[in-house]
Amino acid sequence: QVQLVESGGGLVQPGGSLRLSCAASGNISSIKAMGWYRQAPGEQRELVAVITNSGSTTYSESGKGRFNISRDNAKKTVYLQMNSLKPEDTAVYYCNGRVILTTTPPYEHNYWGQGTQVTVSS
């Protein structure tokens, strides 16, 4: 099937930066969209940023101006550059991929990574 593996999380001071990566692998024909979501303790999972196969992007209001999502199609990898981090950004960040599989007929499915912890604290 498909695996999404996140990396790049860690501990950073307020105002600092982190770059998250998510690599997709498996029987992938194409990727319709990839995105980042986050979930803080006791909170609902929320969208951070999404990029479609056409390159269009969507950001949460809190991420606009601070976060940037990008992709490397050849590597089947999506990145989230996070700048000017705040304690409120502390959460587990999950990669999400809307993937078209190599099955016949083609099958589209949504996959989640296991998450990577981002902690913003001084």
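See the structure above.
These numbers come from a predicted model, not from an experiment.

Draft legend 1. Spatial organisation of the environment of Ser 25. In this structure, Ser 25 sits in strand 3 (residues 18-26). Separated by 20 residues in the primary sequence, Ser 25 and Val 5 place their C-alpha atoms 8.5 Å from one another.

Draft legend 2. Spatial organisation of the pattern of salt bridges. Within this structure, the stated rule accounts for 6 salt bridges. The closest approach of N and O atoms between Asp 89 and Arg 38, which form a salt bridge, is 2.9 Å. Of the two residues, Asp 89 sits in the loop between strand 8 (77-82) and strand 9 (91-101) while Arg 38 sits in strand 4 (residues 28-39), which places them 51 residues apart along the sequence. Judged by its relative accessible area of 7%, Arg 38 is buried. For Arg 66, the salt bridge goes to Asp 89, with nearest N and O atoms at 2.7 Å. In this pair, Arg 66 sits in the loop between strand 6 (57-59) and strand 7 (67-72) while Asp 89 sits in the loop between strand 8 and strand 9, placing the two residues 23 residues apart along the sequence. An identical accessibility class is assigned to Arg 66 and Asp 89; each is buried. A single salt-bridge network, built from bridges that share partners, covers Arg 38, Glu 46, Arg 66 and Asp 89.

Here is what the cut-offs are and how they apply
Residues numbered from 1 in each chain as written. Predicted model: local features only at pLDDT ≥ 70, side-chain atom pairs only at ≥ 80, totals over all residues. Heavy atoms only, no water. Helix = DSSP H or I, 4+ residues; strand = E, 2+ residues; numbered from the N terminus. Salt bridge = Lys/Arg side-chain N within 4 Å of Asp/Glu carboxyl O. Buried < 20%, exposed > 50% of the residue type's maximum accessible area, 1.4 Å probe, protein only.

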